[in-house]
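Results of the structural survey
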Amino acid sequence: MVGHAGAAEPIKIGEINSYKSQPAFLEPYRKGMELAVEEINGAGGIDGRKLVLITRDDNANPGDAVRAAEELLTRERVDVLAGSFLSHIGLALADFARQRKTFFLASETITDKVVWENGNRYTFRLRTSGYMLTAMLIPEAAKLNKKRWAIVYPNYEYGQSAAATFKTLLRAVQPDVEFVAEQATPLGKVDAGSVVQALADAKPDAIFNVLFAADVAKFAREGNVRGLFPATPVVSLLTGEPEYLDPMGADTPEGWIVTGYPWQRIDTPEHKAFLDAYQAKFKDHPRFGSIIGYTTIQSLAAGIRRAGGSTDTEKLIAAFTGLELGSPFGPIQYRAIDHQSTLGAFVGKLGIKDGKGIMVDPVYRPGGDFFPPDDEVKRRRPAQ
């Protein structure tokens, strides 16, 4: 797809996401995008062209997502596509981009398949992948020195992939580990009491959790009530992100080892500039979705600038290959080998302060340190 030729015409970004089904993450995400668009346009846009953001809700349905993408291209005549939170929707949009030969930045979807098994030349991904996030937790899991593990995850692509990766990576550093129970729950419909009881019956030494949003809050609350926590150590993806941590309040399960976003404790110039601007505009603190939305738009702007202001698909692919830019977490790069960015995440433990959940002793893990060897990436990603 070739971009608009007129120098004064706006650059249209078509964005598709599960706004109605995942508001905790995606409302802050939308605000992050709006802040970035405002900053870029306030500085003159890109070669005098303003950015215009056009969003569509996918109803958490891959078919609806593809129909929205088609409408954005044909009726709205957008220059680029971006978005996707749920992993199965990210995969559907990546395949659509491949078929239509149009550029797609998968902003938040975590599944490894979007850049590996199902990867294609038209799709790049911003957010730290499931493999990377899980790999960041493996050293902490190994330090627990627990033999019998249980796993609980949402039963769709993201959860299934994270559970499989955890088992593979933990076995690599702890060959005698045993996985004694798995609970695969319907997304957004966890029966927390039954799950906690099943895990307790298996008598694991530790638990790996992949549940998020309302599901993880219900799981944590029920586990606290029934005594599963804090007696059983938990290693957990995403739970330190404020969109999921804030609602837990005093029910926050202290001691869980998590990935997250401790916005109050990041003392770098890049993050301070972002935080000040976000709070000034929205009178609220950012969530992790805010970081992703903001960096999605900044990535697209950086790529278009590197492409000489063009939104031509082939020029954008070339520009994004190896693209380097700044983010609120510091510099990132889109890797040539698999189109995955090197955005990292914070690892720490959960605690409670003044009745609110917090991350304790967070440490930033640069994404570039948590990839598998290149030969494994080439094996998992189809030949281009």
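Residues numbered from 1 in each chain as written. Predicted model: local features only at pLDDT ≥ 70, side-chain atom pairs only at ≥ 80, totals over all residues. Heavy atoms only, no water.

1. A word on the overall build of the chain
When helices and strands are counted, the chain shows twelve helices and 14 strands. In terms of overall dimensions, the chain is globule-like: its C-alpha atoms have a radius of gyration of 20 Å, near the 21 Å expected for 384 residues. Based on the C-alpha atoms only, the size of the chain along its principal axes is roughly 65 × 45 × 35 Å. Here the chain holds 384 residues, and 59% of them are scored as buried. Long-range contacts, defined here as pairs at least 24 residues apart, represent 69% of the contacts in the chain between residues at least 6 apart. Surface accessibility of the chain: about 14600 Å² in total, with carbon and sulfur atoms responsible for 50%. Measuring between centres, the 45 positive side-chain charges of the chain sit 2 Å from its 47 negative side-chain charges. (Helix = DSSP H or I, 4+ residues; strand = E, 2+ residues; numbered from the N terminus. Rg over C-alpha atoms; globule rule 2.2 N^0.38 Å. Buried < 20%, exposed > 50% of the residue type's maximum accessible area, 1.4 Å probe, protein only. Contact = heavy atoms within 4.5 Å. Areas by Shrake-Rupley, 256 points an atom, 1.4 Å probe, with all protein chains shown as cover. Lys, Arg positive; Asp, Glu negative; His and termini not counted. Charge placed at Lys NZ, Arg CZ, Asp CG, Glu CD.)

2. What about the sheet that holds strand β7 (residues 178-185)?
Reading across from one edge, β7-β6-β8-β9-β10-β13-β14 is the order of the seven strands in this open sheet, with mixed pairing throughout. Either end of the sheet is taken by a strand with one partner, and the two such strands are β7 and β14 (356-365). Mean inter-strand twist for the sheet, computed between neighbouring axes without regard to direction, equals 30°. Bridge count between strand β6 (residues 148-154) and strand β8 (residues 206-209): four bridges; the pairing is parallel. Bridge pairing links A150 to I207 in β8. Against the sheet, helix α6 (residues 192-202) touches β6, β7 and β8, its axis set at about 170° to β7. (Pairing = 2+ DSSP bridges. Axes fitted to C-alpha atoms, helices over the stretch in contact; angles between N-to-C directions.)

3. Focus on unusual backbone geometry
For the bond from F229 to P230, the omega torsion is 0°, close enough to zero to count as cis. Mapped onto the fold, P230 is located in the loop between α7 (213-226) and β9 (234-240). The phi dihedral of S84 falls on the positive side, at around 85°, and the residue is not glycine. On the secondary structure map, S84 appears in the loop between β3 (80-83) and α3 (87-100). The buried category is assigned to S84, whose relative accessible area is 0%.

4. Digging into the packing of aromatic side chains
For the structure on display, the rule yields 27 aromatic pairs. Between Y278 and F282, the aromatic rings sit 4.8 Å apart at their centres with planes inclined by 50°, giving tilted as the arrangement. In this pair, Y278 and F282 are both assigned in helix α9 (residues 269-282), four residues apart and thus about one turn of the helix distant. For Y278, a relative accessible area of 1% translates into the label buried. On the basis of relative accessibility, which here comes to 18%, the residue F282 falls in the buried class. With centroids separated by 5.1 Å and ring planes inclined at 65°, the aromatic side chains of F320 and Y334 adopt a geometry described as edge-to-face. (Phe/Tyr/Trp six-rings, centres within 6.5 Å; stacked < 30°, edge-to-face > 60°.)

5. Describing the sheet that holds strand β2 (residues 51-57)
Pairing is parallel across the open sheet formed by five strands, whose spatial order is β2-β1-β3-β4-β5. Two strands bound the open sheet, and with one partner strand each, they are β2 and β5 (123-125). The sheet shows a mean angle of 25° between the axes of neighbouring strands, direction not considered. Taken strand by strand, α3 contacts β1 (11-17), β3, β4 (104-106) and β5, and its axis lies near 165° from that of β4.

6. A few points about the pattern of salt bridges
Counted under the stated rule, the structure contains 24 salt bridges. Among the ionic pairs, E70 bridges to R100, the shortest N-O distance being 2.6 Å. In this pair, E70 sits in helix α2 (residues 62-74) while R100 sits in helix α3, placing the two residues 30 residues apart along the sequence. By relative accessible area, which is 28% here, E70 ends up partly exposed. On the basis of relative accessibility, which here comes to 36%, the residue R100 falls in the partly exposed class. Among the ionic pairs, K272 bridges to D276, the shortest N-O distance being 2.9 Å. Of this pair, K272 and D276 are both found in helix α9, four residues apart, which corresponds to roughly one turn of the helix. Taken together, the salt bridges that share partners define one network made up of R56, E71, R75 and E76. (Salt bridge = Lys/Arg side-chain N within 4 Å of Asp/Glu carboxyl O.)

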